[in-house]
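One letter stands for each residue in the lines below.
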Amino acid sequence: MSGTYLGMPAFPKAAHEAVGNQTLRGNLRHATHTIRGKRAKAVSEVSDWAELREAGKRIKDHTLRHLDRYLVQLEESVTAAGGTVHWAADADEANRIVTELVKETGESEVVKVKSMATQEIGLNEALEAEGIRAYETDLAELIVQLGKDRPSHILVPAIHRNRGEIRDIFEREMSEWGRPAPEGLTDTPAELAEAARLHLREKFLRAKVGVSGANFMVAETGTLVVVESEGNGRMCLTLPETLISVVGIEKIVPTWRDLEVFLQTLPRSSTAERMNPYTSMWTGTTDSETADGPRTFHLVLLDNGRTDTLADEVGRQALRCIRCSACLNVCPVYERAGGHAYGSVYPGPIGAILSPQLRGTGSEIDASLPYASSLCGACYEVCPVAIDIPEVLVHLRERVVEGGPVTREGNKVVLKPAKGHAAERAAMRAARWAFSHPGALRTGQRLASRTRRLHPRTLPGPGSAWSGTRDLPAVPAEPFRDWWQRTQGGKGGAK
Amino acid sequence: MNDRERILGRVRRALADVPHDDPPYEQAVSRDYLTEHGERGVEETVELLAENLADYRAIVHRCTAADLPATIAGMLTARGSKTVLAPPGLDPAWLAAAGAEQVADRAESTPHELDRVDSVVTACAVAVAETGTLVLDGGPDQGRRRVTLVPDHHICVVRVPDQVVSSVPQALTRLTPTRPLTWISGPSATSDIELDRVEGVHGPRTLEVVLVSD
Ligand code: SF4
């Protein structure tokens, strides 16, 4: 997987810098707390949340356990509906396929729907190198693109930017890319959105090629699903003559009916809404009679480290992820460190387990990511497909420190233990970081007691030599701080 | 070896731990969740739809079939719409009282032409009460996907109670996957700038829904 930011320092260093950035911390705190509160309310509206979560988990697990069969079925359904399926083992291959498909149309620009998969493979840069301009059309992605920046959140990628900064970026950069910002643009969100509407509408209306990802692909019918709120997705999926969708192979669900689970859990977990404003579903191409949507449709199925992740029986569950971003918003580490510190398009708790699996733990940043957590378990509790992120983190820490068999690019290799020194430093720095941020620690402890069965009784990694001869104390059922408050220091008596 | 064989080969090797008698789909998937949340009568379901649509900032009107043409005409006048687009299969009676000039959607209409249209009136395929969602399936009375996307004002007519279902699971059973489907819950919206909600970045900024009963 490409897309490791060049020269990216290991997580503790990047996080340390982010923590010193007041604007970033303020924005993130506001954002994560707001979404978190709204989400809890949206979830409490559905009385069968636990059952929906279990169903989502089981559907995804079953699909992953029989992925070969469902991939072939999907290919057949998409082909029967008039689409063309391509397979890409890695980022380079996917970029090559998309570039060639665009060139075949004779076009030199494409409009894009926000998609993590295309960010993961660095598609925009690859197209640029071949003289093709890719326009991001999601408002936040536009802000990021114009600001020559990186997204910092899965759902609200420009959350690290204030309205004043956005205004300045629009004023400075829009003319470079097309219609300039209106004269006298202020920093009210409504005016900024209007400027983006005018700027992008020009591009939508003339676009001949659209590029997207997909939230789901239905093996049974060949249907692709894109969930969004602004309508830029609908524009890119409907107006162009050619549509190219790049989708990770794990995004399959077996049947049409399965969508009933995810269309209930995704919006509530993600934007905390009963339903997102727009969902588009399309199956293959439409005939030229009606001209309702693209007449040429290409689906690029992307591996890029996913089969290696699938080969790990513990880590495999990360592929259930539906990219709702709920885990980011409850993570005390993410809240302080910000999305950029994770050095990947996948930030937060999911990033901490996905990136080191997709890319391997060869680089300093990837080796440190499994330590970017207090193991508080909040991410597991909110995850709509019940990914046990703490379990995978502990597993990956062991992998980093002790080495062992892993699969890289389809081949079994034996990983050497990371140089004890470096790993230890990474772990200790992460621990020190948590201890110097009492808020993070407190949340961590409170949630730790709820999930204490998950915690190992020996320290993973560099601590194992120490704990090998000692038993770790079990995490108490209630953190001391909570006990103190509840009982007013023992005076109130435990209720 | 091409990438297809390479990927499928990797998947199969990665899944060597999965036994041959792994439970089939029907057994592996649990469906203990509800097909509907809460018990409601027909009228209550329609009421819930109206509430949830309004909560997502759609403007909701209710009228009888006889009053529909006047209701639509009134909405167009109030907005000052000079042109209105109607899909080919829309009941002509619906627009009989409208003063605005009618524009037909043709397959060769360019997006720029659509951009100049003031309002669009369509029917829908099904509406979901619990989520406040309208689903369009490209039927003759709903037209192509783009007609409800490019113009800034969309009026959608829902026949109640027969086009209303309670929940997402119920909606999916009524839809045909091979048709292009658009699910709409409120007007286009963004919260990308400091989480302030702004309506209409790219899609119609105003969504009006008419719940019409016979
Ligand atoms: S890991 Fe779970 S909570 Fe996090 S983004 Fe993925 S699905 Fe959402």
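Calculation rules
Residues numbered from 1 in each chain as written. Chains lettered and ligands numbered in written order. Predicted model: local features only at pLDDT ≥ 70, side-chain atom pairs only at ≥ 80, totals over all residues. Heavy atoms only, no water. Pairing = 2+ DSSP bridges. Helix = DSSP H or I, 4+ residues; strand = E, 2+ residues; numbered from the N terminus. Axes fitted to C-alpha atoms, helices over the stretch in contact; angles between N-to-C directions. Contact = heavy atoms within 4.5 Å. Salt bridge = Lys/Arg side-chain N within 4 Å of Asp/Glu carboxyl O. Polar contact = N/O pair within 3.5 Å; in protein donor to acceptor, adjacent residues only side chain to side chain. Expected span 1.5 Å × (residues − 1). Buried < 20%, exposed > 50% of the residue type's maximum accessible area, 1.4 Å probe, protein only.

The name that an unreviewed UniProt entry assigns to chain A is Iron sulfur protein, with the source organism given as Streptomyces lincolnensis.

**Q** How would you sum up the sheet that holds strand S4 (residues 119-122) of chain B? Please name residues and give values.
**A** All names here are of chain B. If you trace the 6 strands from one edge of the open sheet to the other, you get S1-S12-S7-S4-S2-S3, paired in parallel fashion. Strands with a single pairing partner mark the edges of an open sheet, and in this sheet they are strand S1 (59-64) and strand S3 (101-104). Averaged over all adjacent pairs, the angle separating strand axes in this sheet is 25°, with direction ignored. Docked against the sheet, helix H3 (residues 42-55) engages S1 and strand S12 (206-213), running at close to 145° with respect to S1. Here helix H4 (residues 68-79) sits on the sheet and contacts S1, strand S2 (83-86), S4, strand S7 (153-159) and S12; the angle it forms with S12, its principal contact strand, is near 165°.

**Q** Got a sec to walk through the pattern of salt bridges? Specific residues and values, please.
**A** Residues and elements named next belong to chain A. On inspection of all chains with the given rule, the structure shows 48 salt bridges over all chains. Among the salt bridges present, the one from Glu-54 reaches Arg-58, with a minimum N-O distance of 2.9 Å. Of the two residues, Glu-54 and Arg-58 both sit in helix H3 (residues 49-65), 4 residues apart, roughly one turn of that helix. Among the ionic pairs, Asp-308 bridges to Arg-408, the shortest N-O distance being 3.8 Å. You can see Asp-308 sitting in helix H13 (residues 306-310) and its partner Arg-408 sitting in strand S11 (residues 404-408), a full 100 residues away along the chain.

**Q** How would you sum up the environment of Glu130(A)? Please name residues and give values.
**A** Residue and element names in this part refer to chain A. As for its position among the elements, Glu-130 is in the loop between helix H7 (123-129) and strand S3 (133-136). Taking the C-alpha atoms as reference, Glu-130 lies 29 Å from Leu-155; in sequence the two are 25 residues apart. Not counting residues up to four positions away in its chain, the partners in contact with Glu-130 are Thr-99 and Lys-103. Here Lys-103 takes part through its side chain, which lies 2.5 Å from a polar atom of the side chain of Glu-130.

**Q** Outline helix H10 (residues 189-206) of chain A, listing residues and values.
**A** Each full turn of the α-helix corresponds to 3.6 residues, which orients residues three or four apart in the same direction. Here H10(A) contains 18 residues, and its C-alpha end-to-end distance of 26 Å stays within 8% of the 26 Å for a straight helix at 1.5 Å per residue. Turning to H10(A), its buried residues number three or more, namely Pro189(A), Leu192(A), Ala193(A), Ala195(A), Ala196(A), Arg197(A), His199(A), Leu200(A), Arg201(A), Lys203(A), Phe204(A) and Leu205(A).

**Q** Break down the pairing of S4(B) for me, with residues and values.
**A** All names here are of chain B. On S4, burial covers both faces: Ser-119 and Val-121 on one face and Val-120 and Thr-122 on the other are all buried. Summarising the sheet, S2 and S4 pair through 2 bridges and their orientation is parallel. Residue pairing for S4: Leu-85 is matched across the bridge by Val-120. Pairing of S4 with S7, which is carried by 3 bridges, proceeds in the parallel orientation. Across the sheet, Val-121 pairs through a bridge with Ile-155, a residue of S7.

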